[in-house]
Amino acid sequence: MAGRKFSPLIAVTGPKRGGKAPRLLVHIAIRLAGGRPVHLRPGGPHAPDMTKFDGVVITGGHDIDPVLYASPSEVVPKYDPERDALESAVIDSALARGLPLLGICRGAQLLNVRLGGTLFQELRSRRKKTSNRWTILPLKTLLVEAESCLRELLGGQRVSINSLHNQGIDLLGDGLIVSGRDLDGIVQGVEAPGHPYLIGVQWHPEFLIFQARQRRLFTALVEAARQRRETSR
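The present account deals with the structure reproduced in this document. Note that this is a predicted model, so its numbers are computed, not measured. (Residues numbered from 1 in each chain as written. Predicted model: local features only at pLDDT ≥ 70, side-chain atom pairs only at ≥ 80, totals over all residues. Heavy atoms only, no water.)

### Focus: the layout of surface pockets
Empty space among the atoms can be located by rolling a probe the size of a water molecule over them.
Line of reasoning, step 1. Here the largest pocket defines a volume of roughly 410 Å³.
Line of reasoning, step 2. If you go around the largest pocket, you meet 22 residues; those closest to its centre are Gly 60, Gly 61, His 62, Trp 134 and Leu 164.
Line of reasoning, step 3. A per-class count over the lining of the largest pocket returns six nonpolar, eleven polar and five charged. (1 Å grid on protein atoms, 1.4 Å probe; cavity = no way out; pocket = protein on both sides within 12 Å on 5 of 7 lines; lining within 4 Å. Points joined across faces, edges and corners; volume = space filled by probe spheres on them. Nonpolar A, V, L, I, M, F, W, Y, C, P; charged D, E, K, R; others polar.)

### Points about the pairing of strand β3 (residues 55-58)
Line of reasoning, step 1. Side chains of β3 alternate between two faces, with Gly 55 and Val 57 and Val 56 and Ile 58 buried alike.
Line of reasoning, step 2. Alignment of strand β1 (residues 9-13) against β3, held across four bridges, turns out to be parallel. From the neighbouring strand, Ala 11 faces β3, where its bridge partner is Val 56.
Line of reasoning, step 3. A crossover connection joins β3 to the parallel strand β4 (residues 101-104) through helix α2 (residues 81-97); in handedness this β-α-β unit is right-handed. (Buried < 20%, exposed > 50% of the residue type's maximum accessible area, 1.4 Å probe, protein only. Helix = DSSP H or I, 4+ residues; strand = E, 2+ residues; numbered from the N terminus. Pairing = 2+ DSSP bridges. Right-handed = clockwise from strand over helix to strand, strands pointing away.)

### Concerning the sheet that holds strand β7 (residues 158-163)
Line of reasoning, step 1. With respect to topology, nine strands assemble into an open sheet ordered β2-β1-β3-β4-β11-β10-β9-β6-β7, the strand pairing being mixed. Strands at the two margins of the open sheet, each flanked by one partner only, are β2 (36-40) and β7. Direction aside, neighbouring strands of the sheet carry axes that sit 25 degrees apart on average.
Line of reasoning, step 2. Of the pairings in the sheet, the one linking strand β6 (residues 135-144) to strand β9 (residues 177-181) comprises two bridges and is antiparallel in character. By the bridge assignment, Leu 143 is partnered in β9 with Arg 181. (Axes fitted to C-alpha atoms, helices over the stretch in contact; angles between N-to-C directions.)

### Some points on helix α3 (residues 106-114)
Line of reasoning, step 1. Burial within α3 is extensive, with eight of its nine residues counted as buried.
Line of reasoning, step 2. All of the buried residues in α3 are Arg 106, Gly 107, Ala 108, Gln 109, Leu 110, Leu 111, Asn 112 and Val 113.
Line of reasoning, step 3. With its phi angle positive at about 95 degrees, Gly 116 sits one or two positions after the end of α3.

### A look at empty space enclosed by the protein
Line of reasoning, step 1. A full pass over the atoms with the stated rule returns one cavity of 30 Å³ or more.
Line of reasoning, step 2. When its volume is computed, the largest cavity comes out at roughly 40 Å³.
Line of reasoning, step 3. When residues of the lining of the largest cavity are assigned to their parent elements, the largest contribution, three residues, is made by β7.
Line of reasoning, step 4. Considering only residue class, the lining of the largest cavity consists of one nonpolar, five polar and three charged.

### Section: the environment of Lys 128
Line of reasoning, step 1. Relative to the assigned elements, Lys 128 resides in the loop between β5 (119-120) and β6.
Line of reasoning, step 2. The exposure class of Lys 128 is exposed, given its relative accessible area of 70%.
Line of reasoning, step 3. In sequence terms Lys 128 and Gly 185 are 57 residues apart; their C-alpha atoms lie 9.9 Å from each other.

### Quick word on unusual backbone geometry
Keep in mind that most residues, glycine aside, have a negative phi and that most peptide bonds are trans.
Line of reasoning, step 1. The backbone phi angle of Ala 70 is positive, close to 55 degrees, even though this residue is not glycine.
Line of reasoning, step 2. Looking at the secondary structure, you find Ala 70 in the loop between β3 and α2.
Line of reasoning, step 3. Overall, the relative accessible area of 75% leaves Ala 70 in the exposed class.
Line of reasoning, step 4. At Glu 147, a residue that is not glycine, the phi angle is positive and equals roughly 60 degrees.
Line of reasoning, step 5. Judged by relative accessible area, which is 81%, Glu 147 ranks as exposed.

### Considering the pattern of salt bridges
Line of reasoning, step 1. Per the counting criterion, the structure on display carries seven salt bridges.
Line of reasoning, step 2. Asp 54 serves as the salt-bridge partner of Arg 229, at 2.6 Å between the closest nitrogen and oxygen. Separated by 175 residues along the polypeptide, Arg 229 in helix α5 (residues 212-231) and Asp 54 in the loop between β2 and β3 bring together distant segments of the chain.
Line of reasoning, step 3. A residue is classified by how much of its surface remains accessible, and Arg 229, at 23% relative accessible area, is partly exposed.
Line of reasoning, step 4. A salt bridge links Arg 106 to Glu 87; the nearest nitrogen and oxygen atoms lie 2.9 Å apart. Residue Arg 106 is located in helix α3, and its partner Glu 87 is located in helix α2; the two are separated by 19 residues in the primary sequence. With respect to class, Arg 106 is no different from Glu 87; both count as buried. (Salt bridge = Lys/Arg side-chain N within 4 Å of Asp/Glu carboxyl O.)

So this is what it looks like as structure tokens:
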């Protein structure tokens, strides 16, 4: 149909079991942005064919196995090796192909690890000004770096966010910069300058899609995916 926009195909990763609410909300956010979400979970007979996708969202969930960044386990394990393997392959393929990618919470952490970075395995001891309490409500403060893509998308220097994580980014992966921190200086956002869209956020914007600024994270991903497909035709 003339004038109708192309709807990019967006891969949405998740666990084999559970995680239905976050994946449903990501699904809705992508649909609202004009994309077509396709859910990928571990357990399939073959690695996913990433050549058919235009963008990727790596959702939140269990901790990243520290073996992936050559570190011994410091906490009681809550790992998901099957998911680690699937999402590592998806991220590596997306990076190789230059696909727009949004990493959410665990997704931001794994993106950092795949680029050679490391993680703090617990954050409680590093919190002085902020609570370690998990909440889907926007009760924590994000300080967004100036001149960042995240600042442009969120439209402010101080933004209210939620928090559902007990690990976080330590050493940055290759090509990434910090685009946001909380009041304790813990990394809450990373991005890759010069990339059409490569962003990791430590909070869960899918639980905040009633806010226009949080929806823009998904809208910008879908638009970057659309532009990539249109320019490659």
